[in-house]
Structures are given as C-alpha cells and as structure tokens.
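# Inside the fold
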Amino acid sequence: MFDGFSLEIVKLADATLRVRHGGAGPPVLLLHGHPRTHTTWHRVAPILARHHTVICPDLPGFGQSSVPADAWESAGSSKRAKAGICVALMHRLGFDRFAVAGHDRGALTAFRMAMDHPASISHLVEIDGIPVLEHLERCDSRFATEWWHWFFFAQPDKPERAINVDPQAWYGGSAEAMGRENFEDYQAAISSPHVVHGMLEDYRAGLTIDRRHDAEDRARGLRVECPTLVLWSLRDDLERLYGDVLATWRPWARHLQGRGIDSGHHVAEEAPDLLAKAILDFLA
C-alpha cells in the first residue's frame, strides 16, 4: 500500500496531522471522507503520483491526526478551521499553490479551501459533495430519510454512545472491498472513542457554523474562482436527491465541469482507475 510514499507526522500551530506523500510533479492534495482515513486513497494515489506530487493527510478529527478541542458550535471542527490547517500543511511541505480533491466530508473542506484561500488553490475537485448550505436548504423528506445520520450525528453525546458499542456493526466495510491494510487502518480509527467524537464534531459543525459561513459568502457574492471539477457516484444518491448536480454547483463556481462515475459512494476504493483518470484529465 502506497509503495514509494513517505509517512510522517507533521506538527502545525493548530493541529498535528498524519500525512502520506509521494510522487513528483505539480502538487495535489487528497482529502478523504467519513469515516475513512487517508488510506482510502491507496488505489488512486499511486496512479496520480506518476504525474503529480500527491499528499494525503488524515483530516483533523479523523484517523491518527489530532482531534480539535471542543468549542462553541464545534468551531475547531469547522471546514474553515480545517481548510486553514490543510493550507498550512501544504505551505509547510513547500507548496504555495496546489490542486485539492475532496470526497464526502473532505469535499466540504476542499470547497472551503477554495473559498477562503483562492491564492493557494489552482484546481478544485469535488467528489460526492455539494456545499453544506445547499444540502440543508434543499432538505426534504427524502433527504431526511436517506441522510438521517446528519441530524443524529449532530446531537450531543448519544451518537457516540450508540456507535462505540459496536463500531464495526455501525460502519460496516470489509477487507475484501477496501483492501486489507486500508481496512485495518479504518478499523483502528472507528474503534477509538476519541476519533469517533472527532468525526461527529465534523457533522455538528456542519449544521451550525459551516452553514453560516456558506450563507455569509453567498450574501457577499463570493464564488470559487479556480477551475472546478464535480464528480458524483452514479450508484449513490446525490443525483437522485438533487437531479442536475452541476446546476446545484453553478451558483458557487465560475469555471465548472463535471460528470457521474459508475461507482458506489466510496469511489476511491470501488472505481480507482476511473476516478484517477478523471482527475488527471482535469489537471492536465
């Protein structure tokens, strides 16, 4: 797994991140989703590394990175806070300008990076994600039924109690589908009550401070200025819930393109070749 990549712990002013990096060429940062760690990219990163320097951190609150301290509205787990940390990581590694691709919860952080740090982001790739404000304003009975976990995870204390009884039964996954080392890394993460709390704080921030940040930016007329690629899994529910995914994104990005990929939700594990090709074509 990640043959030829380096693994290190990087201490920053506001967080300590576990980071895997390798390859050579223009830099691209890969941000995973919930409840994965950076190892979800183990089938994609080596393909990208043939043409790019690839950096894969565990997001703050996930995997073996530090968990933000509890704060009002889960501010330390806001996508704005995580975006700042990820930009600081890339600057520490020597990259002032870079592409970022995010999946699921990582897509929310990647979007916030492009909004808050436009001078640092050359390209944005959004995978199975739309701005959190769009999710919440479009919420209907279908969303509440299929994405009920957003609202459950935002409650205090009880989600941790439910998940920590049997994390494997809650989250699922298998070595056969994910790859043995990726599955073992994921299991270690979901088996830590401290990490489970950090992952849930990401959702609590989503329904409070993240929503407000999106609304403030929309009121100011801010948009993503860099080229933006939106990808969604055709065997997941984003298209079913929102119809034209690109139409949802159009008010938020000036230079937009995108398409569906024949995959389930965990596309980096299920369709790595298709995902890597889409990213490489876009960055080329």
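Keep in mind that this is a model prediction, so the values were computed, not measured.

### A few points about the overall build of the protein
Assigned secondary structure in the protein consists of 16 helices and eight strands. Taking 2.2 N^0.38 as the reference for a compact globule, 284 residues should give roughly 19 Å; the C-alpha atoms of the protein span a radius of gyration of 17 Å, in line with that estimate. Along the three orthogonal principal directions, the C-alpha set of the protein runs to about 45 × 40 × 40 Å. If you sum the accessible surface of the protein, you get close to 11400 Å²; carbon and sulfur atoms cover 52% of it.

### Structural notes on unusual backbone geometry
A cis amide bond links histidine 34 to the next residue, proline 35, at an omega of 0°. Of note, proline 35 is situated in the loop between strand S3 (27–31) and helix H1 (45–48). Its identity as a non-glycine residue notwithstanding, glutamate 73 has a phi of 55°, on the positive side. Here glutamate 73 shows up in the loop between strand S4 (53–57) and helix H2 (79–92).

### Some details on the pairing of S4
With five of its five residues buried, S4 lies for the most part within the structure. Of the two faces of S4, the one lined by Thr53, Ile55 and Pro57 and the one lined by Val54 and Cys56 are each fully buried. For strand S2 (residues 16–23) and S4, the ladder comprises five bridges, and the chain directions are antiparallel. Within S4, the residue paired with glycine 23 across the bridge is threonine 53. With three bridges joining them, S3 and S4 adopt parallel strand pairing. Within S4, the position partnered with proline 27 by the bridge is threonine 53.

### Regarding the nonpolar core
By size, the foremost hydrophobic cluster in this structure holds 59 residues, and its most contacted members are Leu29, Leu31, Phe98, Val100, Met113 and Val224. Ignoring any residue separated from it by four or fewer positions in sequence, one finds valine 100 in contact with Leu29, Leu31, Ala110, Met113, Ile121, His123, Leu124 and Val125. Residues Ala99, Ile261, Leu275 and Leu280 belong to the second largest nonpolar core, which totals 29 residues.

### What about the sheet that holds S4?
Taken together, eight strands build an open sheet; the order of strands is S1-S2-S4-S3-S5-S6-S7-S8 and the sheet is mixed. Pairing within the sheet leaves two strands with one partner each, and these edge strands are strand S1 (6–11) and strand S8 (253–261). For this sheet, the mean angle separating the axes of adjacent strands, direction not counted, is 20°.

### Some words on the environment of glutamate 270
Tracing the backbone shows glutamate 270 in helix H15 (residues 267–270). Note: C-alpha distance between glutamate 270 and threonine 208 (62 residues apart in sequence) is 32 Å. Filtering out sequence-adjacent residues up to four positions away, glutamate 270 remains in contact with Arg235, Ser263, Gly264 and His265. A distance of 2.8 Å separates a polar atom in the side chain of glutamate 270 from the backbone nitrogen of glycine 264.

Quick notes on the rules
- Residues numbered from 1 in each chain as written.
- Predicted model: local features only at pLDDT ≥ 70, side-chain atom pairs only at ≥ 80, totals over all residues.
- Heavy atoms only, no water.
- Helix = DSSP H or I, 4+ residues; strand = E, 2+ residues; numbered from the N terminus.
- Rg over C-alpha atoms; globule rule 2.2 N^0.38 Å.
- Areas by Shrake-Rupley, 256 points an atom, 1.4 Å probe, with all protein chains shown as cover.
- Buried < 20%, exposed > 50% of the residue type's maximum accessible area, 1.4 Å probe, protein only.
- Pairing = 2+ DSSP bridges.
- Core = buried A, V, L, I, M, F, W, Y, C linked by side-chain atoms within 4.5 Å.
- Contact = heavy atoms within 4.5 Å.
- Axes fitted to C-alpha atoms, helices over the stretch in contact; angles between N-to-C directions.
- Polar contact = N/O pair within 3.5 Å; in protein donor to acceptor, adjacent residues only side chain to side chain.

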